[in-house]
Amino acid sequence: MSTELSEQEQFRRQSLDELRNLGIDPYPAALYPTDAFSTDIKAEFKDEESGKPVCVAGRIMSRRIMGKASFVELQDSKGRIQVYVSRDDINTEAQPEMYNIVFKKLLDIGDFIGIKGFVFRTQTGEISVHAQELTVLSKALRPLPIVKYKDGVAFDAFEDPEQRYRQRYVDLVVNDGVKDIFLKRTKVYQSMRDYFNAQGYIEVETPILQSIPGGASARPFITHHNALVMPLYLRVADELYLKRLIVGGFEGVYEFSKNFRNEGMDRTHNPEFTAMEIYVAYKDYNWMMDFTERMIEKICLDVNGTNEITVGDKTISVKTPFKRITMIDAIKEHTGIDINGMDEVQLREVCKTLHVEVDETMGKGKMIDEIFGEKCEGNYIQPTFITDYPREMSPLCKRHRDNPELTERFELMVNGKELANAYSELNDPIDQLGRFQEQLKLSEKGDDEAMFIDMDFVRSLEYGMPPTSGMGIGMDRLVMLMTGQQAIQEVLFFPQMKPEKVAKKDGPDKFIALGISEAWVEVVQKAGIVMVADLKGLNPNKFHQDICGINKKNKLELTNPSKEDVAEWIAKA
């Protein structure tokens, strides 16, 4: 048996072999006919119906082993229920040791079992299942990090964020409330779909691999298509494809899309994220503001049963209508400076005055965005529409009907962050081409987030696109809001992470050079000495006891080294 395994992992593998020796398949293939869930059993139980037969399955989460009868806490996909297990009930002619050997000695916390029996209420009043048949469904080879409580204090909690995100499968099993976040995520999507579908809008799919990454100012991920011998980009947004469908005659289309932006990561950004974008013909951004605030309130009511959300120490109300303020007025409100009509030189001076960092690659739009982001954005805790953005910030947006220096755009700010972005869509192909060319100039100045020119999209506009309003919303941030989470990693099953660190470990040759036989190298490393340098300063007597103990416990049957041998290893290190 490999000494790389922990003591518990070794015992569980021994149990696995013993189950097979008893003729029990620890990973059976046959369907197991469950017909009830823990929460439903408890919710629907009536004392006069005691004895109702049920078939349940799940993980063993705790056990109270007694003499001829024991109790198990079984966790299924909905919750937990107590199971009463008696020797006389589960022993069979084929398996006369099902209770004393299989249940009491070979099963562990984390194993999956199936129980056929009946529902009853114990003398202490707990609704339970009385087992009449026990089936092993899956043997867990690693122990779960079970949280223990004493006087309301948690011990052995599985709470390190890196471990939780890296091993979400464990997090979901042992930490209360984690699964509820993801169930609410599903409800958010369902509520939004219901809202769109009720109005006749069509859910569609557009390409993830694109020859031109359009629809957003963002740095893309690049890949290569072998058959076409060409570079391709992972989608940064699906906007340009959805608007092609409006050109093609659809009146309202939407998509939940996986987008990819090769940018920074923090508590509100993940390089792979989910966005929803919707485009509706014959509408403008004023209509879309009304549409968006009604949608947000509906989702909150559907998911939480209220239009108020608690995020940290803040209470956020999504009751309509939401506050509305122009971007220029917002900057004036929070900095005291009116940037209306300023050119690039003047804006650089404003940034200098406000201590907002900018560089030579930034045009007017980027600088205004930086000013707003640093000085204004974090102040909007309650839902607020920031409207009428400068033209340079919005290359796909229609010019404002009253001021050609502005665009008909809004962003919805909630809890100090952007939640949604929307336009009266630019449908003038000549103006659109000019905006793309402006972006090209920014790219030539070194802006690696500037948009590419998509000539096919311009061509589609030349065939005519009706007046249209579009809106995009970050679904991960929306779920964060609806579940009161403050880190995006809490609402993603598997957030992007750096590769797991592998502990440095010297090869066998380095240990053999000290006089340690090859058979003992594994034992030495099992004792925690994975590098030769780790031997320095060890107490020879104590280390001798440790490695000889490992040899004995794991029945390796190696000839123990002498204390003098061990002292020599340490001296050579």
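Placed above this text is the structure.
Residues numbered from 1 in each chain as written. Predicted model: local features only at pLDDT ≥ 70, side-chain atom pairs only at ≥ 80, totals over all residues. Heavy atoms only, no water.

Comments concerning the overall build of the chain
Then, number 1: Helix and strand content of the chain: 19 helices and 20 strands.
Then, number 2: For a compact globule of 573 residues, the expected C-alpha radius of gyration is about 25 Å, and the chain comes in at 32 Å, more than 25% above that figure.
Then, number 3: When its C-alpha atoms are laid out on the principal axes, the chain stretches across 85 × 75 × 55 Å.
Then, number 4: Evaluated residue by residue, the chain yields a buried proportion of 46% over its 573 residues.
Then, number 5: Considering only contacts within the chain whose residues lie at least 6 apart along the sequence, 64% involve residues at least 24 apart.
Then, number 6: Looking at the chain, you have 73 positive and 92 negative side-chain charges, and the mean spots of the two groups are 4 Å apart. (Helix = DSSP H or I, 4+ residues; strand = E, 2+ residues; numbered from the N terminus. Rg over C-alpha atoms; globule rule 2.2 N^0.38 Å. Buried < 20%, exposed > 50% of the residue type's maximum accessible area, 1.4 Å probe, protein only. Contact = heavy atoms within 4.5 Å. Lys, Arg positive; Asp, Glu negative; His and termini not counted. Charge placed at Lys NZ, Arg CZ, Asp CG, Glu CD.)

So, the packing of aromatic side chains
Then, number 1: Scanning the model with the defined rule gives 18 aromatic pairs in all.
Then, number 2: Aromatic side chains Phe 196 and Phe 291 sit 5.9 Å apart centroid to centroid with 10° between the ring planes, which places their arrangement in the stacked category. Of this pair, Phe 196 sits in helix α7 (residues 178-197) while Phe 291 is found in helix α9 (residues 285-304), placing the two residues 95 residues apart along the sequence.
Then, number 3: Aromatic pair Trp 287 and Phe 291: ring centres 4.8 Å apart, planes at 20°, arrangement stacked. In this pair, Trp 287 and Phe 291 both sit in helix α9, four residues apart, roughly one turn of the helix.
Then, number 4: Members of the aromatic cluster, each reached through a chain of ring pairs, are Tyr 189, Tyr 195, Phe 196, Tyr 201, Tyr 254, Phe 256, Trp 287 and Phe 291. (Phe/Tyr/Trp six-rings, centres within 6.5 Å; stacked < 30°, edge-to-face > 60°.)

Points about the pattern of salt bridges
Where charged atoms from two side chains of opposite charge approach closely, those side chains can pair.
Then, number 1: What the rule picks out here adds up to 36 salt bridges.
Then, number 2: Arg 459 is paired through a salt bridge with Asp 456; the nearest N and O atoms lie 2.7 Å apart. Taken together, the residues span about one helical turn, with Arg 459 and Asp 456 both in helix α14 (residues 455-462) at a distance of three residues.
Then, number 3: Taken together, the shared-partner salt bridges in this structure form one network comprising Arg 12, Asp 108, Asp 111 and Lys 139. (Salt bridge = Lys/Arg side-chain N within 4 Å of Asp/Glu carboxyl O.)

Quick look at the sheet that holds strand β9 (residues 209-210)
Then, number 1: The antiparallel open sheet is built from three strands, whose spatial order is β9-β11-β10. The open sheet has two edge strands, β9 and β10 (222-225), and neither has a second partner.
Then, number 2: As paired elements, β10 and strand β11 (residues 230-234) share four bridges and run antiparallel to each other. Within β11, the residue paired with His 224 across the bridge is Pro 231. (Pairing = 2+ DSSP bridges.)

Describing the sheet that holds strand β5 (residues 127-138)
Then, number 1: As summarised here, the arrangement of the five strands in space is β1-β2-β3-β5-β4, forming a closed barrel in which the pairing is mixed. On average, adjacent strands in this sheet sit at an angle of 55° to one another, irrespective of strand direction.
Then, number 2: Bridge analysis of strand β2 (residues 69-75) against strand β3 (residues 80-86) gives seven bridges, and the strand direction is antiparallel. When the sheet's bridge partners are listed, Leu 74 is paired in β3 with Ile 81.
Then, number 3: Against the sheet, helix α4 (residues 98-106) contacts β1 (53-64), β2, β3 and β5, and its axis sits at roughly 40° relative to β2. (Axes fitted to C-alpha atoms, helices over the stretch in contact; angles between N-to-C directions.)

Considering the nonpolar core
Within soluble globular proteins, side chains that are nonpolar generally end up buried alongside one another.
Then, number 1: Within the largest apolar cluster, 46 residues are counted, with the highest numbers of intra-cluster contacts made by Met 192, Phe 196, Met 276, Ile 278, Ile 296, Ile 473 and Leu 478.
Then, number 2: The element that contributes the greatest number of residues to this core is α9, accounting for nine residues.
Then, number 3: With sequence-adjacent residues up to four places away left out, Ile 278 is seen in contact with Phe 196, Tyr 201, Val 253, Tyr 254, Met 288, Phe 291, Ser 469, Gly 470 and Met 471.
Then, number 4: Listed in part, the 28 residues of the second largest apolar core include Ile 24, Val 56, Ile 115 and Val 129. (Core = buried A, V, L, I, M, F, W, Y, C linked by side-chain atoms within 4.5 Å.)

Notes on helix α13 (residues 429-444)
Then, number 1: An ideal rise of 1.5 Å per residue puts 22 Å on 16 residues; α13 measures up with 23 Å between its terminal C-alpha atoms.
Then, number 2: Elements in contact with the buried residues of α13: α14.
Then, number 3: Where α13 begins, the side chain of Asp 428 points an oxygen toward the backbone nitrogen of Ile 430, at a separation of 3.0 Å.
Then, number 4: Looking one or two residues beyond α13, the residue adopting positive phi is Gly 446, at roughly 115°. (Expected span 1.5 Å × (residues − 1). Polar contact = N/O pair within 3.5 Å; in protein donor to acceptor, adjacent residues only side chain to side chain.)

Let's talk about the state of the cysteines
Then, number 1: The tally for this structure, following the rule as stated, stands at zero disulfides.
Then, number 2: There is no disulfide at Cys 351, and the cysteine sulfur nearest it, in Cys 376, is 12 Å away.
Then, number 3: For Cys 351, a relative accessible area of 1% corresponds to the buried category.
Then, number 4: Cys 397 forms no disulfide, and the closest cysteine sulfur to it belongs to Cys 376, at a distance of 19 Å. (Disulfide = S-S within 2.5 Å.)

Notes on helix α19 (residues 563-572)
Then, number 1: Where α19 is concerned, the buried positions are Val 566, Trp 569 and Ile 570. Viewed along the axis of α19, the buried residues span an arc of 95°, placing them on a single side of the element. Of the exposed residues in α19, those oriented more than 90 degrees away from the buried face are Glu 564 and Ala 571.
Then, number 2: Next to the buried residues of α19 lie α17 (518-526) and α18 (540-553). (Arc of directions from axis to C-beta.)

So, to be careful, I would describe these as geometric facts and stop short of saying anything about function.
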